[in-house]
Amino acid sequence: MIVRYGLRLVALTYLALLLIIPVGMIVAHTFSGGLAPVWTALTDPDAIKALGLTLKIAIIVVPLNTLFGITMALVMVRREFRGKALLSALIDLPFAVSPVIVGFTLILVYGMNGWFGEFFINQGYPIIFSTPGMVLATMFASLPFVCREVIPVLREIGTEQEQAAATLGARAHQTFRRITLPAIRWGIVYGVVLTTARAIGEYGAVAVVSGNVIGQTQTLTLRVSQEYQNFDHIAAYTAALELAVIALVTLFLMNLFHPRKDH
Amino acid sequence: MAITVRNVNKRFGDFVALDDVSLDVPAGSLTALLGPSGSGKSTLLRVIAGLEKADQGDVFIGGAEATKLPPQRRDIGFVFQHYAAFKHMTVAKNVAFGLEIRKRRKDEVKRRVAELLDLVQLDGFGDRYPSQLSGGQRQRMALARALAVEPEVLLLDEPFGALDAKVRSELRAWLRRLHDEMHVTTVFVTHDQEEAMEVSDTIVLMDHGRIVQEGRPQDLYDHPETEFVMRFMGQVNRIGDVYVRPHDVEIRLEPNGTTEAAVVERVLHMGHHIRVDLTVNGGDPVSAQLTRDEAERLGLEPGRPVFVRPAKARTFAGEPEAEAVS
Amino acid sequence: MTTVALPRRRASGAALPSVAPGVAITYLSVVVLLPLSALLWESHKGGLDAFWQAVTAPDAVAALKLTLGAALLVALINAVFGTLIAWVLVRDSFIGKGLANSLIDLPFALPTVVAGLTLLTLYGPNSPIGLNITYTRKAVVLALMFETLPFVIRSVQPVLLELDREMEEAAASLGARGHVIFRRVVLPNLLPAILSGMALAFARAVGEYGSVVMLSGNVPFATEVASVHIYSQIQSDYVTGATAMSVVLLSISLVVLLSISALHRWSSKHDR
């Protein structure tokens with residue numbers, strides 16, 4: 001049918017022009033001067049430091065947000081209390097906040113004129129313009145994912161299995177470890193994938209909080225924008241490519257672990 | 001309008017749904033397509049409706065070739081097992097749908113909808129939504145919707161399958177009465193032989209994509225052409241090569257030369273009849289069906305030795321029908 | 001925080017150590033609640049006048065207008081193309097459909113700054129097709145189209161998958177042609193999902209920073225969006241200005257999120 005082919009054509013053209021071709025061109029641009037400039041850019045000490053900082057932040061943020069997410073999911077689904085809607089809104093808040101605002105509120109709290117800024121600076125552990133601030137910003141931005149992915153899974157498995165375990169003599173923590181955790185593990189995995197992607201890819205919030213001191217507080221995402229502004233296009237595109245590769249791996253994992261699929 | 005199906009074949013991948021099926025449905029009749037799951041009855045109905053395309057073969061509706069026509073142009077009404085209600089529209093809008101598509105005048109549509117809601121006993125429900133109706137009410141709405149455009153042919157796919165027993169039997173009687181009033185050629189699919197016998201003029205029994213036997217309900221019941229037909233149409237006892245219906249098993253207290261010896265195992269009170277489970281000749285289990293009077297007269301109880309004979313029996317595979325002389 | 005009371009009684013079955021929820025709430029408070037409170041406090045500090053002045057400053061108003069206008073436009077574009085793409089992904093089949101379906105989530109996975117750079121390759125100064133839209137408002141819209149691509153699609157897809165095909169067959173049996181069936185039977189049932197996706201896209205678009213900042217040139221009064229305005233206010237140490245705009249954006253997001261919840265409640269009215 002003509003309608004069917006027409007719709008297909010429109011859909012694929014839209015996706016090609018907006019998504020597929022531009023991403024393909026990143027690859028092309030990166031390697032436009034050959035392999036050597038890319039290698040130089042990849043092994044540049046600042047580039048390696050940026051990758052290191054990005055990963056360091058992720059390694060701190062992801063496990064903490066995962067523990068938070070699992071705990072909160074259990075609280076939200078298995079307990080009754082007033083204020084559940086408010087709690088739910090708070091957890092979802094990072095989705096509604098622009099990254100720049102995230103960074104800004106952190107400055108208000110930990111900046112020089114902020115609530116606790118002076119305290120931390122005097123202790124020798126400044127938050128703003130340094131790694132701890134970036135960690136906090138990334139925590140804020142990637143907070144909801146594990147919780148949101150685990151909640152529906154937890155709802156769906158229901159309490160029957162857990163109750164059966166209880167009648168067989170299992171204590172609460174045993175039930176959690178042996179029954180609940182295995183049941184929700186794919187929800188957790190999917191949430192972790194999303195959280196990690198967000199943590200590695202966070203830009204706006206860390207841009208505001210970091211002060212952009214090269215080599216010190218530069219993540220991979222900050223490096224992309226900085227090198228582009230400094231007209232070092234190869235360095236910018238290389239960093240972008242690194243991030244794009246991570247994003248594609250993320251996509252692949254998302255597809256693999258998507259809750260729709262039965263495991 | 002009569003329906004004619006000629007040499008229709010249909011497969012889904014490796015599965016043969018319809019195997020060279022041909023059928024003639026007389027105009028104004030009420031026909032049941034009966035059979036177990038996978039027999040092809042729903043597929044056949046949907047091919048007639050144009051909701052499925054046959055791989056080979058032809059469909060004629062009212063004498064005109066309909067094989068290539070989409071369902072929109074076949075002038076049919078179709079009722080689905082799970083109602084297929086337009087859940088975002090009110091009952092009245094649902095029923096009016098076909099008329100509005102045909103751009104009928106607003107007052108005419110209103111009048112006809114009122115008429116139909118009255119016919120299906122849903123007057124006053126026009127402003128409700130399907131989600132506010134019971135299953136039986138939704139199916140009546142679906143029927144009104146299908147009838148609104150005065151189709152030449154009415155097709156129903158297991159229309160009462162999703163309803164509970166009491167509603168089912170009410171709607172069966174109701175469908176029969178409706179047909180008697182309106183005389184639209186009606187074909188409905190069911191897996192329930194009781195339903196088919198209660199409602200239809202003609203039963204078309206299908207199995208594995210083929211039509212096994214066609215005829216009046218009593219013909220299929222009393223003169224089954226194969227073992228499958230006999231088993232599907234009712235309870236059957238099998239003793240060696242001989243098939244006997246429970247109500248054709250005669251129980252006597254004394255032998256008479258044509259009887260076999262048997263022992264009563266259980267006597268069950270099924271409400272309107274008595275079922276007696278027996279073991280014949282120390283081996284074959286047989287179920288007999290007696291009226292309460294008969295059972296009382298015989299005074300049966302478990303362990304009692306008796307004598308049985310078939311008042312009517314059938315054998316298949318070429319053997320002549322064995323009729324006992326009483 | 002004080003309205004959330006953790007209960008003593010427990011549902012039978014699994015539980016974490018009893019200290020865990022308390023720790024989690026503390027974590028939430030430090031990470032989210034604390035910064036948020038600082039913003040709200042700051043917005044009150046200068047008094048209503050200072051707030052109002054900052055919000056009605058001409059460059060702020062210009063930024064807000066551009067942001068809201070672009071976000072609305074993008075929501076509408078997504079409503080049309082998102083539904084279309086969702087339809088093709090659910091009802092059609094062709095080689096590479098699985099791949100296309102997976103790629104839809106790319107804007108979720110790709111860092112915003114990289115998205116900006118990717119769009120620059122095709123639509124920037126070195127565009128191979130000569131189409132350079134940097135420093136224009138079109139660039140803002142383009143960046144937002146990229147970032148909001150998945151929302152309507154992922155919102156509509158599950159609804160389309162669950163849709164009772166028999167409703168469409170019933171409509172066909174009653175004489176309705178394809179486009180009529182779509183308009184009168186399918187679309188009304190998709191509408192809540194489309195609206196929900198649009199709202200999410202709008203909320204996302206309003207706060208978008210990384211991709212827009214790379215593409216639009218950030219010229220005040222011309223191509224500067226609200227988030228970039230906040231950034232420049234921070235750089236210039238105009239805390240009041242940054243606070244005011246932040247509160248405005250946050251309020252808009254809040255309203256949008258509330259309407260999505262209301263939408264969900266309204267749309268499940270007819271389900272049974």
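Worth saying up front: this structure is predicted, and the values here are computed from it rather than measured.

**Considering the overall build of chain B**
Piece 1. In terms of helices and strands, chain B carries nine helices and 17 strands.
Piece 2. The dimensions of chain B, computed from C-alpha atoms along their principal axes, are 75 × 45 × 35 Å.
Piece 3. The buried share of chain B, reckoned over its 326 residues, is 40%.

**Description of the overall build of chain A**
Piece 1. When helices and strands are tallied, chain A shows 13 helices and zero strands.
Piece 2. Moving toward the C terminus, one meets the helices and strands of chain A in the order α-α-α-α-α-α-α-α-α-α-α-α-α.
Piece 3. Oriented by its inertia axes, the alpha-carbon framework of chain A measures out at about 70 × 65 × 30 Å.
Piece 4. The buried share among the 263 residues of chain A stands at 49%.
Piece 5. By sequence separation, contacts in chain A at least 24 residues apart represent 74% of the contacts at least 6 residues apart.

**A word on the environment of Arg4(A)**
Piece 1. Its place among the elements puts Arg4(A) in helix α1 (residues 2–30).
Piece 2. C-alpha separation for the pair Arg4(A) and Ile57(A), spaced 53 residues apart in sequence, amounts to 47 Å.

**Brief notes about the nonpolar core**
It is characteristic of soluble globular proteins that their nonpolar side chains tend to be buried jointly.
Piece 1. Counting 161 residues, the largest nonpolar core has Ala137(A), Phe140(A), Val224(A), Ala240(A), Leu117(C) and Phe202(C) as the members making the most contacts within it.
Piece 2. Each of two domains, domain 1 (1–33) and domain 2 (35–257) of chain A, supplies a minimum of three residues to this core.
Piece 3. Among residues more than four places away in sequence, those in contact with Val224(A) are Ala236(A), Ala239(A), Ala240(A), Leu243(A), Val113(C), Val114(C) and Leu117(C).

**Points about the interface of chain B and chain C**
Interface size is commonly expressed as the accessible area that is lost once the parts come together.
Piece 1. Each side of the interface is counted separately: chain B has 21 residues, and chain C has 19 residues.
Piece 2. Residues belonging to the side of chain B that touches chain C are distributed by class as follows: 13 nonpolar, six polar and two charged.

**Thoughts on the arrangement of the chains**
Piece 1. When the two pairs of chains in contact are compared, the highest contact count belongs to chains A and C.
Piece 2. Regarding chain A and chain B, which are not in contact, the minimum distance between any of their C-alpha atoms is 14 Å.

**Description of the packing of α1(A) against helix α13 (residues 233–257) of chain A**
Residues and elements named next belong to chain A.
Piece 1. The interhelical angle for the contact between α1 and α13, taken along N-to-C directions, is 135 degrees, at an axis separation of 9 Å. Judged by the inter-axis angle, α1 sits oblique to α13. Seen from above, α1 lies across α13 with left-handed handedness. On the side of α1, the interface is formed by Val-23, Ile-26, Val-27, His-29 and Thr-30, while α13 contributes Tyr-237, Thr-238, Ala-240, Leu-241 and Ala-244.

**Considering the interface of chain C and chain A**
Piece 1. In this complex, chain C contributes 68 residues to the contact, which on the side of chain A involves 77 residues.
Piece 2. In terms of residue count, the dominant contributor to the side of chain C that touches chain A is helix α1 (residues 20–45) of chain C (14 residues).
Piece 3. Here the residues of the side of chain C that touches chain A sort into 52 nonpolar, 13 polar and three charged.

**Focus on the environment of Ile234(C)**
Piece 1. With respect to the element layout, Ile234(C) can be found in helix α11 (residues 226–235).
Piece 2. A residue is classified by how many C-beta atoms lie within 10 Å of it, and Ile234(C), with 21 of them, is buried.
Piece 3. Setting aside chain neighbours within four positions, we find Ile234(C) in contact with Phe104(A), Ile107(A), Val208(A) and Ala242(C).

**Let's talk about the domain arrangement of chain A**
Piece 1. What the domain assignment reports for chain A is domain 1 (1–33) and domain 2 (35–257).
Piece 2. By residue class, the composition of the side of domain 1 of chain A that touches domain 2 of chain A is four nonpolar, three polar and no charged.

**Re the sheet that holds strand β2 (residues 15–25) of chain B**
Residues and elements named next belong to chain B.
Piece 1. Read across the open sheet, the four strands follow the order β2-β1-β4-β5; overall the sheet is antiparallel. Of all strands in the sheet, those bounded by a partner on one side alone are β2 and β5 (64–65).
Piece 2. Taken together, the seven bridges between strand β1 (residues 3–12) and β2 define a ladder with antiparallel strand orientation. Looking across to β2, one finds that Val-8 is bridged to Val-21.
Piece 3. Strands in contact with helix α1 (residues 41–49) are β1, β2 and β4 (56–61); relative to β1, the strand with the most contacts, it is inclined by about 120 degrees.

**Considerations on the sheet that holds strand β6 (residues 76–79) of chain B**
Residue and element names in this part refer to chain B.
Piece 1. Taken together, the six strands give an open sheet; going across it, the order is β6-β7-β8-β3-β9-β10, and neighbouring strands pair in mixed fashion. Either end of the sheet is taken by a strand with one partner, and the two such strands are β6 and β10 (210–215). Between one strand and the next, the sheet's axes are offset by a mean angle of 15 degrees, whatever the strand orientation.
Piece 2. Relative to strand β8 (residues 185–190), strand β7 (residues 153–157) runs parallel, the two being bridged by five bridges. Across the sheet, Leu-155 pairs through a bridge with Val-187, a residue of β8.
Piece 3. Seen against the sheet, helix α4 (residues 135–147) touches β6 and β7 and runs at an angle of roughly 170 degrees to β6.

**Quick notes on helix α12 (residues 220–229) of chain A**
Piece 1. Extensive coverage of α12(A) is indicated by the burial of nine of its 10 residues.
Piece 2. Residues of α12(A) that are buried in the fold lie against α3 (45–78), α10 (172–201), α11 (204–210) and α13 of chain A together with α6 (112–123) and α10 (210–215) of chain C.
Piece 3. At the C-terminal side of α12(A), Phe231(A) shows a positive phi close to 65 degrees.

**Focus on helix α5 (residues 165–182) of chain B**
All names here are of chain B.
Piece 1. Here α5 contains 18 residues, and its C-alpha end-to-end distance of 26 Å stays within 8% of the 26 Å for a straight helix at 1.5 Å per residue.
Piece 2. The complete set of buried residues in α5 reads Arg-168, Leu-171, Arg-172, Leu-175 and His-179. Taken end-on, α5 shows its buried residues confined to a sector of 110 degrees, consistent with a single buried face. For α5, exposure combined with an orientation more than 90 degrees from the buried face picks out Lys-166, Ala-173, Arg-177, Asp-180 and Glu-181.
Piece 3. Here the buried face of α5 lies against β3 (30–34), α4, β8 and α6 (193–199).

**Overview of the pairing of β10(B)**
Side-chain positions along a regular strand alternate between the two faces of the sheet.
Residues and elements named next belong to chain B.
Piece 1. In this structure, strand β9 (residues 202–207) lies alongside β10, joined through five bridges in antiparallel fashion. Residue Ile-203 lies in a different strand from β10, and its bridge partner there is Gly-215.
Piece 2. Here β9 hands over to β10 after two residues, with His-208 in that stretch at a positive phi of 50 degrees.

**A look at unusual backbone geometry**
Piece 1. One non-glycine residue, Ala84(B), adopts positive backbone phi at about 50 degrees.
Piece 2. Looking at the secondary structure, you find Ala84(B) in the loop between β6 and α2 (91–101).

**Quick word on the confidence of the model for chain B**
Residues and elements named next belong to chain B.
Piece 1. In this model, chain B carries a mean pLDDT of 90, and residues with pLDDT of at least 70 account for 97%.
Piece 2. This model gives residues 318–326 a pLDDT under 50, and the stretch forms 13 contacts once residues within four places in sequence are excluded.
Piece 3. Here the predicted complex scores 0.83 on pTM and 0.88 on ipTM.

**A word on the packing of α6(C) against helix α7 (residues 137–162) of chain C**
Working note: a packed helix pair is described by the angle between its axes plus the distance between those axes.
Residue and element names in this part refer to chain C.
Piece 1. Remark: α6 packs on α7, axes separated minimally by 10 Å, with the N-to-C direction vectors making an angle of 125 degrees. Here α6 lies oblique to α7, going by the angle between them. Judged by the twist between their axes, the crossing of α6 over α7 is right-handed. Packed against α6, whose contacting residues are Thr-112, Ala-115, Gly-116, Leu-119 and Tyr-123, the element α7 presents Leu-142, Ala-143, Phe-146 and Glu-147 at the interface.
Piece 2. For the contact of α6 with α7, a count of residues per class yields six nonpolar, two polar and one charged.

**Here we look at the environment of Leu187(C)**
All names here are of chain C.
Piece 1. Note on placement: Leu-187 falls in helix α9 (residues 178–207).
Piece 2. For Leu-187, a count of 13 C-beta atoms within 10 Å puts it in the partly exposed group.
Piece 3. For the pair Leu-187 and Leu-160, spaced 27 residues apart in sequence, the C-alpha separation works out to 9.8 Å.

Parameters and conventions
- Residues numbered from 1 in each chain as written.
- Chains lettered and ligands numbered in written order.
- Predicted model: local features only at pLDDT ≥ 70, side-chain atom pairs only at ≥ 80, totals over all residues.
- Helix = DSSP H or I, 4+ residues; strand = E, 2+ residues; numbered from the N terminus.
- Buried ≥ 20, exposed ≤ 12 C-beta atoms within 10 Å, placed from the backbone.
- Contact = placed C-beta atoms within 7 Å.
- Core = buried A, V, L, I, M, F, W, Y, C linked by C-beta atoms within 7 Å.
- Domains from an automatic or database assignment.
- Nonpolar A, V, L, I, M, F, W, Y, C, P; charged D, E, K, R; others polar.
- Axes fitted to C-alpha atoms, helices over the stretch in contact; angles between N-to-C directions.
- Parallel < 35°, antiparallel > 145°, perpendicular 65-115°, else oblique.
- Left-handed = near helix turned anticlockwise from the far one by under 90°.
- Pairing = 2+ DSSP bridges.
- Expected span 1.5 Å × (residues − 1).
- Arc of directions from axis to C-beta.
- pLDDT = per-residue confidence, 0-100.

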